[in-house]
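# Observations on the model geometry
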Amino acid sequence: MTSIPNYVAGTWDIDPVHSDVSFIVRHMMVSKVRGRFEKVSGEIVTGESIEDSSVTATIDATSINTGNEQRDGHIKSADFFEVEKYPTWTFTSTGVVAKGDDLVLKGDLTIKGVTKPVELALEVNGFGPDAYGGTRAGFTATTTINRSDFGVDIAMPMDGGGVVVSEKVNVELEIQAVLRAA
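Remember, it's a predicted structure, so these values are computed and weren't measured experimentally. (Residues numbered from 1 in each chain as written. Predicted model: local features only at pLDDT ≥ 70, side-chain atom pairs only at ≥ 80, totals over all residues. Heavy atoms only, no water.)

## Digging into the overall build of the chain
To be explicit about the condition: Under the scheme used here, helices are H or I runs from DSSP no shorter than 4 residues and strands are E runs no shorter than 2 residues, and both carry numbers assigned from the N terminus. Only protein chains enter the accessibility calculation, which uses a 1.4 Å probe; a residue whose area is less than 20% of its type maximum is buried, one above 50% is exposed, and one in between is partly exposed. Contacts are residue-level and defined by heavy atoms, with any inter-residue pair within 4.5 Å sufficient. Per-residue and other accessible areas were derived by the Shrake-Rupley procedure at a 1.4 Å probe size, with only the shown protein chains allowed to occlude residues.
The helix and strand tally for the chain stands at one helix and eleven strands. The N-to-C order of helical and strand elements in the chain reads β-β-β-β-β-β-α-β-β-β-β-β. Considering the chain as a whole, with its 182 residues, one finds that 40% of them fall into the buried category. Of the contacts made within the chain by residues no fewer than 6 positions apart, 58% connect residues no fewer than 24 positions apart. Accessible area for the chain stands at about 9,900 Å²; split by element, carbon and sulfur atoms hold 51% of it.

Next up, the structure:
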């Protein structure tokens, strides 16, 4: 693995103000709808090498925002996320592996009480000082999941074929983290 410039080993807290957890799903077979979760928290531990690192994160499923209040209400309902029963989702990493010049973050994702292994393409964006005397790190991660695998299995067929909401969901994470003081 190529060394990462200015790499810092340590324990980091996800900065929810400067992080973004979003998704893209095909709608009505003709376009894509984007949404995001406005509340995320977690811990990243960067090991002596990136492969020795770990992540635990929690997403507040009630914080979904697709830009449409009516749609958000439907997504929060038992038809989709059932947030009254499952208000949070979790991710716990099981490893970071190098595949050529690329990194893969492996872990267990739990949505609606269903835990499945996922692999995220991981990009380490950098490490550096912030304006407050601390240290920041940035990461990008992407994956594609099948919503039905996690119990989000509403069937909404369209007349003439196709579905209102696709099974495939692209997930994009832009994470900024703050190094904990020693």
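Okay, back to it.
## Some words on the nonpolar core
Buried together is how nonpolar side chains tend to be arranged in soluble globular proteins. Put simply, the rule reads: Working definition of a nonpolar core: buried Ala, Val, Leu, Ile, Met, Phe, Trp, Tyr and Cys residues. They are joined through side-chain atoms within 4.5 Å.
Of all hydrophobic cores here, the largest spans 42 residues; its most connected members are Phe 37, Ile 44, Phe 81 and Ile 145. Dropping the residues within four chain positions of it, Ile 44 is found in contact with Gly 10, Thr 11, Trp 12, Ile 14, Ser 54, Val 55, Phe 139, Ile 175 and Ala 177.

## Digging into the side chain of Ser 22
Here Ser 22 shows up in strand β2 (residues 20-27). Ser 22 has contacts with Gly 35, Arg 36, Asn 170, Val 171 and Glu 172, leaving out every residue within four places of it along the chain.

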